[in-house]
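Observations on the three-dimensional arrangement
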Amino acid sequence: MKKACLWALTGLILVSSVLFVPLSLSAHDMNECYRDHQVCRERAMGLDAPWTKIAILLTVCDVGLGKCILNLKI
């Protein structure tokens with residue numbers, strides 16, 4: 001049973017690494033992602049708003065960075 005669980009976890013890790021790791025992004029695209037993320041964070045931190053709204057905006061910036069890196073079209 002332990003070997004079956006080990007093989008199942010190994011397969012899950014291999015499949016997820018193939019599906020979720022970006023394979024063919026150029027450095028230019030990555031630079032744009034990080035530049036946009038930095039601008040988003042600067043704008044969020046520059047707001048005169050309650051800390052809860054700033055925390056939500058920073059989370060949105062991080063999700064946007066992940067979406068850009070993984071090249072998701074959602």
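Numbering of residues begins from 1 in every chain and follows the order in which that chain's sequence is written. In view of the model being predicted, local features appear only for residues whose pLDDT reaches at least 70, and side-chain atom pairs are presented and counted only at 80 or more, with totals across whole chains, interfaces and linings using the full set of residues. Heavy atoms throughout the structure, all of them, feed into the side-chain values; hydrogens and water do not.

Some points on the overall build of the protein
Think of it this way: any DSSP run of H or I at least four residues long counts as a helix, any run of E at least two long counts as a strand, and we number them from the N terminus. Scanning the protein from terminus to terminus reveals 3 helices and 0 strands. Listing each helix as α and each strand as β along the protein from the N terminus yields α-α-α. In the protein, which comprises 74 residues, the proportion classed as buried is 11%. Areas reported here follow the Shrake-Rupley algorithm with a probe of radius 1.4 Å; residue values treat only the protein chains shown as occluding. Split by element, the accessible area of the protein, about 6300 Å² in all, is 69% carbon and sulfur. Relative accessibility under 20% of the residue-type maximum defines a buried residue, over 50% an exposed one, and the middle range a partly exposed one, all with a 1.4 Å probe and only protein chains included.

Considering the state of the cysteines
Disulfide assignment relies on a single distance test, namely cysteine sulfur atoms paired within 2.5 Å. What the rule picks out here adds up to 2 disulfides. Residue Cys33 pairs covalently with Cys68 via a disulfide, S to S 1.9 Å. An S-S torsion of about -75 degrees defines the bridge between Cys33 and Cys68 as left-handed. With Cys33 in helix H2 (residues 27–45) and Cys68 in helix H3 (residues 51–69), the pair connects residues that are 35 residues apart, well separated along the chain. By relative accessible area, which is 4% here, Cys33 ends up buried. Disulfide pairing is shown between Cys40 and Cys61; the S-S distance is 1.8 Å. Residues Cys40 and Cys61 share a disulfide whose torsion about the S-S bond is about -75 degrees; that sign makes it left-handed.

Comments concerning the side chain of His37
Among the structural elements, His37 can be located in helix H2. With near-sequence residues (within four places) excluded, His37 lies in contact with Cys61, Asp62 and Leu65. By definition in these notes, contact holds between two residues if any of their heavy atoms fall within 4.5 Å.

Here's the deal with the confidence of the model for the protein
Per-residue pLDDT for the protein averages 81, and the proportion of residues at 70 or more is 78%. The quantity known as pLDDT measures the predictor's confidence residue by residue, on a range of 0 to 100. For the protein, helix H1 (residues 2–20) is the element with the lowest average pLDDT, namely 74, and H3 is the one with the highest, namely 91.

Describing the pattern of salt bridges
For this document, the term salt bridge refers to a Lys or Arg side-chain nitrogen within 4 Å of an Asp or Glu carboxyl oxygen. Scanning the entire structure with this criterion turns up 1 salt bridge. In this structure, Arg41 engages Asp62 in a salt bridge whose closest nitrogen and oxygen atoms are separated by 3.9 Å. Of this pair, Arg41 sits in helix H2 while Asp62 sits in helix H3, placing them 21 residues apart in sequence. Overall, Arg41 belongs to the partly exposed group, its relative accessible area being 31%.

Description of the environment of Glu32
Inspection of the secondary structure puts Glu32 in helix H2. On a C-alpha basis, the gap between Glu32 and Leu65 in space is 9.8 Å, while along the polypeptide they are 33 residues apart.

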